[in-house]
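Close look at the chain arrangement
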Amino acid sequence: MNSSELLKINVNEHVEKKNGLSYLSWAWAWAEVLKADNQAWFEVHEWMHGNQSMPCMYLEDNTAMVKVSVYIKIGRAHV
């Protein structure tokens, strides 16, 4: 599978909704990535919260942000 084919996957049946937002579950999306590249990997970035390292950054509006870098090698290019 190349990157163009990966981007053409119809995800409509897997879209979930919560609080007026549409999203794909991480588990489903990651399973699809691994079908395309079984050596793909991801890195969760962490932030310091006080003196503790956390996988999310807490924001002033009582929400949180998670940052993940995904590395997919399809053929010779990274997506």
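As shown above, the structure is provided for reference.
Just so it is clear, the structure is predicted and the values come from calculations on it, not from any experiment. (Residues numbered from 1 in each chain as written. Predicted model: local features only at pLDDT ≥ 70, side-chain atom pairs only at ≥ 80, totals over all residues. Heavy atoms only, no water.)

Considerations on the overall build of the protein chain
Helix and strand content of the protein chain: two helices and ten strands. The C-alpha atoms of the protein chain give 16 Å as radius of gyration, which overshoots the globular expectation for 79 residues (12 Å, by more than 25%). Principal-axis analysis of the C-alpha atoms places the extent of the protein chain at approximately 45 × 30 × 15 Å. A burial count over the protein chain gives 19% of its 79 residues as buried. Restricting the contact set of the protein chain to residue pairs at least 6 apart, pairs at least 24 apart contribute 36%. (Helix = DSSP H or I, 4+ residues; strand = E, 2+ residues; numbered from the N terminus. Rg over C-alpha atoms; globule rule 2.2 N^0.38 Å. Buried < 20%, exposed > 50% of the residue type's maximum accessible area, 1.4 Å probe, protein only. Contact = heavy atoms within 4.5 Å.)

Concerning the packing of aromatic side chains
For the structure on display, the rule yields four aromatic pairs. Geometrically, the ring pair formed by Trp41 and Tyr71 is stacked, given 4.1 Å between the ring centres and 15 degrees between the ring planes. Here Tyr71 lies in strand β8 (residues 68-71) and Trp41 lies in strand β3 (residues 41-44), a separation of 30 residues in the sequence. (Phe/Tyr/Trp six-rings, centres within 6.5 Å; stacked < 30°, edge-to-face > 60°.)

Quick word on helix α2 (residues 26-36)
At 3.6 residues per turn, the α-helix brings residues three or four places apart onto the same side. Residues of α2 that are buried: Trp28, Trp30, Glu32, Val33 and Ala36. Next to the buried residues of α2 lie α1 (3-7), β2 (21-24), β3 and β8.

Remarks on unusual backbone geometry
Here Asn19, not a glycine, exhibits a phi torsion of approximately 50 degrees, which is positive. The residue Asn19 is located in the loop between β1 (15-18) and β2 in this model. Asn19 gets classed as exposed once you look at its relative accessible area, which sits at 72%. Unusually for a residue other than glycine, Asn62 sits at a positive phi of about 65 degrees. Its place among the elements puts Asn62 in the loop between β6 (57-58) and β7 (64-65). Given the relative accessible area of 76%, Asn62 is considered exposed.

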